[in-house]
Amino acid sequence: MDCLYCGYHNSKVIDSRDINDGIRRRRQCLKCDSRFTTYERLQPAGLFVIKKDARREEFNRDKLLTGIRKACEKRPLPSGTVDKVADDTEAELYRSGRLEVSSTVIGDMVMEKLCGLDHIAYLRFASVYREFTDITTLKEVVDTLVSGESVVPRPNQLSLLSPPTD
Ligand SMILES: [Zn+2]
């Protein structure tokens, strides 16, 4: 597993933990000391993401991580936050046992986590993911945050757990 930060090919395992269908390993790059997490799944089945335009693509943890990292850039968050949000989201997805999941469900899961951590990171992620097209929509979301209400709908566990509809 190459380092996600510098690409170096060697890392050491600093922690490993069984999760439902695999092993989660915390690794540290031997070159730049960055920490990242890998999953070794016991089930070979891949997880597919259904995009808004109905295209299907294999779940890509790096893409998820990149989106979260961008949203959290220069925010005063504890180190490891980006990884943890990605880890938790991925673990929830695999725990759900589904083979397919819509990108909307994944986005909602990430938004719910970010909303509890940092509102600026949340807004950045939401503005990309929800594709705010005008300032009014953005203002509505900010107003809702300011008034202390959560704007994130609870992730719809039913749609996450129900069988694929196709
Ligand atoms: Zn590295």
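Here the structure is a predicted model, which means the values were calculated and not measured. The residue count restarts for each chain, going from 1 along the sequence in the order it is written. Since the coordinates come from a predicted model, pLDDT governs what is reported: local features require at least 70, and pairs of side-chain atoms require 80 or more to be given and counted, while whole-chain, interface and lining totals use all residues.

Peer 1: How do you make sense of the overall build of the protein chain when you look at a structure like this?
Peer 2: Only DSSP runs of H or I with at least four residues qualify as helices, and only runs of E with at least two residues qualify as strands; both kinds are numbered from the N terminus onward. What the protein chain contains, in helices and strands, is six helices and six strands. Order of helices (α) and strands (β) in the protein chain, N terminus to C terminus: β-β-β-β-β-α-α-β-α-α-α-α. Counts of 20 or more other C-beta atoms within 10 Å of a residue's own C-beta define buried residues, counts of 12 or fewer define exposed ones, and intermediate counts define partly exposed ones; C-beta atoms are placed from the backbone. Looking at the 166 residues of the protein chain, the share that counts as buried comes to 22%. Whether two residues are in contact is decided by their C-beta atoms, placed from the backbone, lying within 7 Å. In the protein chain, of all internal contacts separated by at least 6 residues, the share reaching a separation of at least 24 is 48%.

Peer 1: So what exactly am I meant to see when it comes to helix 3 (residues 103-115) here?
Peer 2: For an α-helix, 3.6 residues make a turn, and residues three or four places apart therefore share a direction. Helices are assigned an expected span. That span is 1.5 Å times one less than the residue count. With 13 residues, helix 3 ought to run about 18 Å at 1.5 Å a step, and its terminal C-alpha atoms sit 18 Å apart, in line with that. When helix 3 is considered as a whole, its buried residues turn out to be Ile106, Gly107, Met109, Val110, Met111, Lys113 and Leu114. Against strand 4 (48-50), helix 1 (61-72), helix 2 (81-95), strand 6 (100-102) and helix 4 (119-129) lie the buried residues of helix 3.

Peer 1: Looking at this structure, how should I read the confidence of the model for the protein chain?
Peer 2: Any region with low pLDDT has predicted coordinates that should not be read closely. When pLDDT is averaged across the protein chain, the result is 82; 85% of the residues are at 70 or more. Residue-level confidence of the predictor is what pLDDT reports, using numbers from 0 through 100. Low confidence marks residues 153-166, where pLDDT is under 50. Its contacts with residues over four positions away, or in another chain, come to 13 contacts.

Peer 1: What is the right way to look at the nonpolar core in this model?
Peer 2: One broad trend across soluble globular proteins is that nonpolar side chains are buried collectively. A set of buried Ala, Val, Leu, Ile, Met, Phe, Trp, Tyr and Cys residues, joined through C-beta atoms within 7 Å, is what we mean by a nonpolar core. Core analysis: the biggest nonpolar cluster contains 27 residues, and Ile68, Val110, Leu114, Tyr122 and Phe125 have the highest contact counts within it. Elements supplying a minimum of two residues to this core: helix 1, helix 2, helix 3 and helix 4. Sequence-distant contacts of Val110, defined by excluding residues within four places in its chain, comprise Ile68, Val85, Thr89 and Phe125.

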